[in-house]
Structure formats: structure tokens, C-alpha cells
Amino acid sequence: MAQGLEVALIDLQSSWNNVRHHTEEISSERLLVRRGQAFNITLYFRNRGFQPALDNLIFVVETGPMPDLAKGTRAIFSLASRHGPSPWIASLEANGAASLEVSLCAPPTAAVGRYLLKVHLNSFQGSVMAYQLGEFILLFNPWCPEDAVYLDSEPQRQEYVVNDYGFIYQGNKNWIRPCPWNYGQFEENIIDICLELLDKSLHFQIDPAIDCALRGSPVYISRVVCAMINSNDDNGVLNGNWSENYFDGINPAEWTGSVAILKQWHATGCQPVRYGQCWVFAAVMCTVMRCLGIPTRVITNFDSGHDTDGNLIIDGYYDNTGRILENKKKDTVWNFHVWNECWMARKDIPPGYGGWQVLDATPQETSNGLYCCGPASVRAIKEGEVDLNYDTAFAFSMVNADCMSWLVYGGKEQKLHQDTNSVGNFISTKSIQSDERDDITENYKYPEGSPQEREVFLKALLKLKAGRSPGSHRAASQPSRPRSLSGDGPRSLDTPSLRPSDVVQVSMKFQLLDPPNMGQDIRFVLLTLNMSLQFKDLKVNLSAQSLLHDGSPLPPFWQDTAFITLSPEEAKTYPCKIPYSQYSQYLSTDKLIRISALGEEKSSPEKILVNKIITLAYPGIMINVLGEAVVNQPLSIQVIFSNPLLEPVADCELTVEGSGLFKKQQRVLIGVLKPQHRASITLETVPFKSGQRQIQANLRSNKFKDIKGYRNIYVDSRL
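Residues numbered from 1 in each chain as written. Predicted model: local features only at pLDDT ≥ 70, side-chain atom pairs only at ≥ 80, totals over all residues. Heavy atoms only, no water.

Under an unreviewed UniProt entry, the protein has the name Protein-glutamine gamma-glutamyltransferase 5 and belongs to Equus asinus. Among the UniProt annotations of the protein, the heading Function (unreviewed entry) holds the following wording: "Catalyzes the cross-linking of proteins and the conjugation of polyamines to proteins. Contributes to the formation of the cornified cell envelope of keratinocytes." Under Subcellular location (unreviewed entry), UniProt gives the following word-for-word description of the protein: "Cytoplasm". (UniProt positions renumbered as here; feature names shortened; annotations may be inferred.)

Asker: Whenever I open this one, the UniProt feature "binding site: Ca(2+)" (unreviewed entry) in the protein confuses me. Can you help?
Answerer: Per the UniProt record, the feature "binding site: Ca(2+)" (unreviewed entry) sits at Asn400, Asp402, Glu448 and Glu453. These annotated residues cover 54 residues of sequence, and their C-alpha atoms all fall within 11.8 Å of one another, placing them together at a single site. Of note, aspartate 402 is situated in strand E19 (residues 402-409). By relative accessible area, which is 2% here, aspartate 402 ends up buried. Residues contacting aspartate 402, with those up to four places away along its chain left out, are Leu312, Ile313, Ile314, Gln418, Asp419, Thr420, Arg454 and Phe457. By the element assignment, glutamate 448 lies in the loop between helix H11 (441-444) and helix H12 (451-465). Leave out the neighbours within four places in its chain, and glutamate 448 touches Asn400, Thr420, Asn421, Val423 and Glu453. (Helix = DSSP H or I, 4+ residues; strand = E, 2+ residues; numbered from the N terminus. Buried < 20%, exposed > 50% of the residue type's maximum accessible area, 1.4 Å probe, protein only. Contact = heavy atoms within 4.5 Å.)

Asker: Help me understand the packing of aromatic side chains, please; the structure alone is not making it clear to me.
Answerer: Each aromatic ring pair is described using two quantities: the centre-to-centre distance and the angle formed by the ring planes. According to the stated counting rule, one finds 19 aromatic pairs in the structure shown. Between the aromatic rings of phenylalanine 524 and tryptophan 558, the centroid separation amounts to 5.9 Å while the plane-to-plane angle is 75 degrees, which identifies the pairing as edge-to-face. Taken as a pair, phenylalanine 524 in strand E25 (residues 522-530) and tryptophan 558 in strand E27 (residues 558-566) lie far apart in primary sequence, 34 residues in all. Tryptophan 558 matches phenylalanine 524 in its accessibility class, with the two residues each being buried. Through a chain of ring-to-ring contacts, the aromatic side chains of Phe39, Phe59, Phe77, Trp88, Tyr115 and Phe136 assemble into a single cluster. For the cation-ring pair, arginine 454 lies above phenylalanine 457, with the distance from its terminal atom to the ring centre recorded as 4.3 Å. The ring of phenylalanine 688 has lysine 663 lying over it, and the distance from NZ or CZ to the ring centre is 4.0 Å. (Phe/Tyr/Trp six-rings, centres within 6.5 Å; stacked < 30°, edge-to-face > 60°. Lys NZ or Arg CZ within 6 Å of the ring centre and 35° of its normal.)

Asker: Help me understand the nonpolar core in this model?
Answerer: Nonpolar side chains tend toward joint burial in soluble globular proteins. Trp181, Leu197, Val225, Ile229, Leu238 and Ile261 are the most contacted members of the largest nonpolar core, which totals 64 residues. Elements with a contribution of two residues or more to this core: strand E9 (128-139), strand E10 (165-172), helix H3 (190-199), helix H6 (218-229), helix H7 (259-267), helix H8 (278-292), strand E14 (296-306) and strand E16 (332-344). In terms of residue count, the dominant contributor to this core is H8 (13 residues). Among residues more than four places away in sequence, those in contact with isoleucine 261 are Trp181, Val237, Leu238, Trp255, Val273, Val280 and Val284. Counting 57 residues, the second-largest nonpolar core is a separate cluster that includes Phe510, Phe524, Ala544 and Leu699. (Core = buried A, V, L, I, M, F, W, Y, C linked by side-chain atoms within 4.5 Å.)

Asker: What am I meant to see in the pattern of salt bridges here?
Answerer: Think of it this way: side chains of opposite charge can pair up when their charged atoms draw near. Scanning the model with the defined rule gives 35 salt bridges in all. Across the pair arginine 177 and aspartate 706 runs a salt bridge whose closest N-O atoms are separated by 3.7 Å. Of this pair, arginine 177 sits in strand E11 (residues 175-182) while aspartate 706 sits in the loop between strand E36 (691-700) and strand E37 (707-715), and the two are 529 residues apart along the sequence. Here the two residues arginine 177 and aspartate 706 agree in accessibility, since each one is buried. Note that arginine 223 and aspartate 391 form a salt bridge whose closest N and O atoms lie 3.6 Å from each other. Highlighted residues: arginine 223 in helix H6 and aspartate 391 in the loop between helix H9 (378-383) and helix H10 (392-400), separated in sequence by 168 residues. In this structure aspartate 391 comes out as buried when scored by relative accessible area, which is 0%. Each of Glu25, Asp164, Glu187, Lys689 and Arg693 takes part in one network of salt bridges that share partners. (Salt bridge = Lys/Arg side-chain N within 4 Å of Asp/Glu carboxyl O.)

Asker: Teacher, can you tell me more about the environment of cysteine 403 here?
Answerer: With respect to the helices and strands, cysteine 403 occurs in strand E19. Taking the C-alpha atoms as reference points, cysteine 403 and valine 423, 20 residues apart in sequence, are found 7.6 Å from one another. Once residues within four sequence positions are removed from consideration, cysteine 403 is found in contact with Ile314, Val333, His417, Gln418, Asp419, Ser422 and Val423.

Asker: What should I look at first to understand the sheet that holds E37 in this one?
Answerer: Two orientations exist for strands paired in a sheet by backbone hydrogen bonds: parallel and antiparallel. Ordered in space as E34-E33-E36-E37, the four strands form an open sheet in which the pairing is antiparallel. This sheet does not close on itself; its edge strands, each paired only once, are strand E34 (666-673) and E37. In this sheet, neighbouring strand axes are inclined to one another by 20 degrees on average, regardless of whether the strands run parallel or antiparallel. (Pairing = 2+ DSSP bridges. Axes fitted to C-alpha atoms, helices over the stretch in contact; angles between N-to-C directions.)

Structure follows, in C-alpha cells:
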């Protein structure tokens with residue numbers, strides 16, 4: 001008589017399966033598979049082989065703390081009944097003398113997460129043997145046409161899911177600076193930290209059974225992750241800080257990658273990491289979403305609006321010296337703002353609005369009670385469909401609000417200027433499989449000044465006024481984050497001449513004479529032009545002040561007064577210079593200086609305001625690879641850096657990282673650097689992953705925080 005079947009050994013074929021499921025970069029020893037795609041396992045039996053006529057295998061998969069058949073977090077499916085009630089499938093691949101190879105496949109809608117795999121062996125004689133076969137992790141599958149995150153371009157899948165480094169664009173629309181970033185989504189333990197992040201969310205804490213059941217939806221997952229990247233509602237990954245005071249944490253400008261942030265969050269018992277700003281929030285979210293399998297990219301919007309009251313107007317207020325006043329409404333235009341786009345189908349809104357969706361993890365306003373934003377369809381933003389979920393009206397205002405400038409004097413407000421095209425410029429992301437910048441502004445808006453652009457704006461405004469915007473869950477009464485000129489700010493950003501008259505007779509403009517490099521004097525001229533046929537006598541008050549992250553200026557550290565007489569249709573220049581010795585001690589950590597001029601005509605009450613925001617630039621870091629890069633072979637990397645200042649700097653520290661090249665971020669204490677001194681160090685490493693890689697470096701000191709550099713290298717896989 002045949003004996004009951006007993007399992008002696010299980011082979012999850014992790015290495016082979018992971019290659020087929022594009023997860024081999026995460027691990028070759030643990031099973032990580034994608035939904036909607038089969039994976040194979042082999043069962044080895046102790047006493048005899050599998051006999052289909054006598055034996056039946058029933059598989060059980062479970063995820064979450066309370067697996068439930070009705071909720072889809074538990075599934076039971078048989079090798080014998082391929083067309084059973086369960087959407088999970090088991091198929092016979094090969095039947096050996098004492099082994100059985102089986103193909104298993106999760107449905108393309110299954111919840112992602114950590115699963116336990118079990119098998120029950122039912123033999124002809126009625127004996128039932130139960131075995132726990134092991135754990136596996138199930139991820140979204142952009143390679144599967146039935147998955148909601150399916151992306152039909154392999155180059156795009158490689159860029160937005162597989163690529164583990166990139167660039168985040170900062171600066172201003174006239175000086176766009178690529179900042180290197182190490183996403184590191186396949187680095188050791190990152191997948192476990194991403195799953196831990198889901199389990200720490202408020203949704204999981206309130207109802208873990210429902211939360212796990214909803215993890216098959218990329219819309220749901222994206223909102224959970226978006227809220228968890230910031231720490232405003234929970235023990236999220238990052239604390240935001242725009243105060244310029246970072247003594248108890250890391251200046252956001254110093255980060256060069258997500259891995260160190262996520263590992264610190266995990267190592268400290270999920271205590272928020274100090275500190276982040278918009279590009280750090282977006283970069284960490286990109287890491288988590290790519291790790292989970294959702295195609296994601298990082299987007300920079302230059303001159304980004306923050307409309308707190310939902311009227312699509314950003315109001316700015318000036319006093320009679322040209323200084324920007326504190327905005328009681330907290331409306332602002334940031335020099336740049338960074339968010340994410342994630343690719344997914346949107347079955348929760350009308351057809352045609354799937355594809356790229358805006359997700360913004362920077363805590364600005366609440367959405368359904370939590371600090372998150374999106375997903376908002378990019379196409380819905382372009383078409384002004386601001387009533388579609390989620391937060392589409394707020395996202396629309398970031399790229400398409402109008403600006404209104406007001407002169408405040410004697411307790412009164414006087415309209416100076418309305419600008420319909422200054423918000424939302426050069427919307428940028430890294431190109432596919434290239435280090436170039438992609439301008440995707442046309443995805444978000446019709447050309448400025450075109451009839452379509454104004455039609456869409458008016459349509460959005462009417463929807464908002466009619467109160468038909470459930471997709472905009474923003475509460476204007478909620479506290480917003482301080483007004484921010486995020487990041488490295490404009491290197492040279494002009495505000496046009498502002499005046500209460502619609503007939504412009506005199507114009508003014510600033511023009512830099514030299515690139516504004518740190519450590520050097522700032523030389524510029526004020527250009528004045530009389531466009532009338534009368535003489536004009538101008539009195540011009542000039543000033544310079546540093547800007548903080550919240551956008552408010554510090555007290556002026558440089559002032560001048562010019563008296564300029566202009567003949568009819570005459571142009572004149574007024575030269576100015578701000579010595580380094582004068583601005584260095586007043587400089588904010590963001591290196592932002594605002595110069596302004598307020599002009600008055602002797603015979604007229606008209607006032608003319610012009611300003612320019614300057615970002616002082618540093619020389620970059622140079623990285624040289626000494627020799628050929630080969631997996632598991634020693635490699636020397638030279639990093640060359642310098643102190644650009646005419647004074648010594650102390651507390652110098654160099655950080656270097658790169659996925660597949662360094663197991664962890666390298667920190668080198670340099671100490672003191674002499675004035676304008678050039679130095680270099682050589683680091684030794686052993687690359688452990690092949691293919692295209694990137695090295696990122698940052699130099700900080702007591703005088704500067706973010707001198708950066710990068711180098712792309714190819715690591716050969718040959719033995």
C-alpha cells in the first residue's frame with residue numbers, strides 16, 4: 001500500500017525567480033516576486049513521488065496579521081482545480097521521481113506585502129499533512145499588462161523602476177542645477193524598511209485587516225506612503241524644517257541619498273529623521289515607490305505657487321522700500337518646489353485620467369485629515385478638472401495660479417501688478433536613460449498666453465467658485481508650513497518693474513556683471529530707461545538682504561540711494577558693488593540674496609519696484625575613478641575639492657555614497673581648509689553590483705553646507 005506523501009525539503013528557487021521578476025538586485029537568497037507573473041518552487045518528498053491520481057496539493061497564502069479569505073488577504077487554491085474560486089493559480093511544471101516543480105501565480109490585483117506560503121498534502125487514504133514552506137514578498141508589476149501600474153515601455157520601466165540614481169533639479173528657471181541623488185531602492189534592508197513604513201501608518205494602526213486588504217491598490221498605497229514620508233501626523237520618515245536652525249539634525253542641503261535616511265529611521269525605532277525639505281521628501285518617496293514596484297519620477301516646478309485659500313491668486317505685499325511683507329494669507333511663490341509623479345491606472349475617476357499622477361509628500365496642507373497630496377492626474381491638471389480626486393485643485397494652483405502684487409502704505413493697499421504667466425515654469429525631470437533634463441511643462445499646462453490656457457484657468461476657477469471640488473480636500477484654516485524658497489533658490493531671478501499705472505513710462509532692471517560666485521564681490525548695474533518724451537528725475541532707494549527659507553528677508557546689510565535724471569527716451573546704468581566682506585556674515589545657509597530698488601519720480605506719485613534674487617554658486621567636487629571598475633575587485637576613487645573662500649573654513653566633512661559601490665555612506669572628517677585651498681582624498685571600495693552606477697559626494701563646513709559632485713561609472717561583471 002502506498003504511503004502518505006511527506007515533504008522533506010522545499011526550494012523556493014529564489015535566485016532564478018528573482019531574475020525573472022526583476023528583483024535580483026534586491027536579493028538572490030530571498031524570494032521577491034511580482035503579482036500577475038508566475039514563479040516556480042520545487043517540493044522534495046521523503047518517501048515517494050507525487051501521484052496525481054492519489055495525491056492533491058492545496059496551497060495557502062496569507063498576508064497581514066489577520067488573514068481573511070473574504071478580504072483577499074488569505075487564499076486557498078489547489079493544484080488539481082485550476083479554475084477554482086481563488087484567483088491564485090497553481091500549475092504542475094515537472095513531476096520527478098521524488099520531487100515536484102510547481103508554478104504559482106498571484107492575481108495582478110493582489111495586495112502587496114509579506115506573504116506566508118503553506119501547503120496541505122491530501123493523500124488517497126485520507127491523511128492530511130500540513131507544511132509551512134516559507135515567506136515571500138509580493139510587489140507591484142509594471143511588466144504585467146493586467147496590473148494597474150503597467151508601463152508598456154521597457155526603457156521607461158528601466159528608468160522609473162530599476163534605476164537607483166538620478167538628478168533633482170534645483171535653482172531657478174534661468175539657472176537650473178542638477179543635484180545628484182542616490183535612490184538606492186535595491187540596497188540591503190530597504191525593502192523591509194518600506195514594508196515597515198506601511199505597517200507604521202495610521203491606517204494600519206487603526207484597522208490592520210482593512211489596510212492590508214487595500215494594499216492591492218496603487219492609489220491607496222501612494223496616499224499611505226505620501227503621508228508616511230513626512231511626520232506631521234505620525235512617526236513618519238522625515239521632520240520638515242524651514243527655520244534655518246538645524247543644530248539637532250542634518251541640514252536638508254547636505255543629504256545626497258535616501259538610504260541613509262531610511263536606515264536611520266529604522267535604526268532609531270521609527271523616529272523621524274531631522275531634517276527634510278521638498279526635494280528630500282520627494283526623493284525618499286521615489287525610493288519607496290520604486291522599491292514597491294510603482295513607476296515613479298521626481299519632478300521640479302520652478303516658480304511654484306502655494307495658494308492657501310483656493311482662489312488661484314497668489315497675493316504678494318510690498319512696503320514703500322520694496323521689502324516683501326509678511327503675507328497674512330501665507331500665499332507664496334517658491335523659487336522651486338519638488339514632488340513625485342507615479343504611474344497608475346485610475347479606475348476611481350472617469351476614463352482618460354490614468355497615467356502619471358502627482359504625489360506631494362511635503363507637508364503643506366491636509367488632505368482628508370492627513371498631510372499628503374494626491375494622487376492627482378496630470379492630465380486632469382492640464383484640463384482644469386479640479387473636481388477629480390485627489391487634491392487636483394491644489395496641484396493645479398502650483399503650476400497655473402496668477403500672481404497679484406500690492407503696495408502697502410498708510411494702512412492702504414494699492415494694486416501694482418497682475419501676472420498671469422509667472423507661476424509654473426520649466427517643469428523638469430531626468431530624461432529616460434540619460435543624464436539630460438526633460439522639460440515636461442506641456443504635460444501640465446497649455447502654452448502661457450494661449451487661448452486654451454486661459455480657458456482652462458477660467459474653467460478651474462468656476463469649478464472652485466461653484467464649490468464642486470471634492471478632489472481638493474485642502475483646508476485653508478489648517479496651518480501651512482512656513483513660506484519657503486526651497487533649496488538653492490534662484491541664482492538670478494528678476495521681478496519686473498511694478499507700478500500702479502498701466503502706462504509704463506520708466507522701467508528699471510538689474511543686471512549682473514559677473515557670475516555670482518561665493519567668496520567674490522557681487523557686481524551689478526541698475527538699468528533705467530525713460531520711454532516717454534519728457535525728462536524724468538528719479539530717486540532710487542537700493543538695498544540688499546539675505547532671504548531665509550521661509551521667504552522673509554533679514555534686515556538690509558547694504559543700502560544706497562541714487563539720483564538719476566533721464567532725458568526723453570534715454571537709458572542709463574547705475575553701477576553697484578557689494579563686497580564679500582560685507583555680505584559674508586549676513587548670508588543665510590541657502591546663499592540667497594535679494595537686491596531691490598524702489599524708484600520715485602519727483603513730479604509724480606508713481607513708484608517703480610524691481611528686485612532680483614541671487615544665489616551664490618560654489619565650485620563643484622571632482623571625482624576620478626582610478627582604474628577599471630569590476631565587481632568584487634578593489635577600486636580606488638579620488639575626490640578633489642576646494643575651499644572657494646578668502647578665509648579658512650572649519651569642521652569640514654566629506655560624504656561619499658553610491659549604490660552598488662559602497663555598502664554604506666562614507667564620512668571623512670577633513671577639519672580645517674585654508675583659504676582657496678585645493679585638496680583631495682582617495683577612498684578604497686569593492687563594487688558589489690555590476691552595470692551603470694553613480695558616485696555622489698557632498699562637502700560641508702561651518703561656512704557652507706552643500707558643495708556637491710557626482711561621477712557615473714560602469715562596473716564590469718566579468719570574473
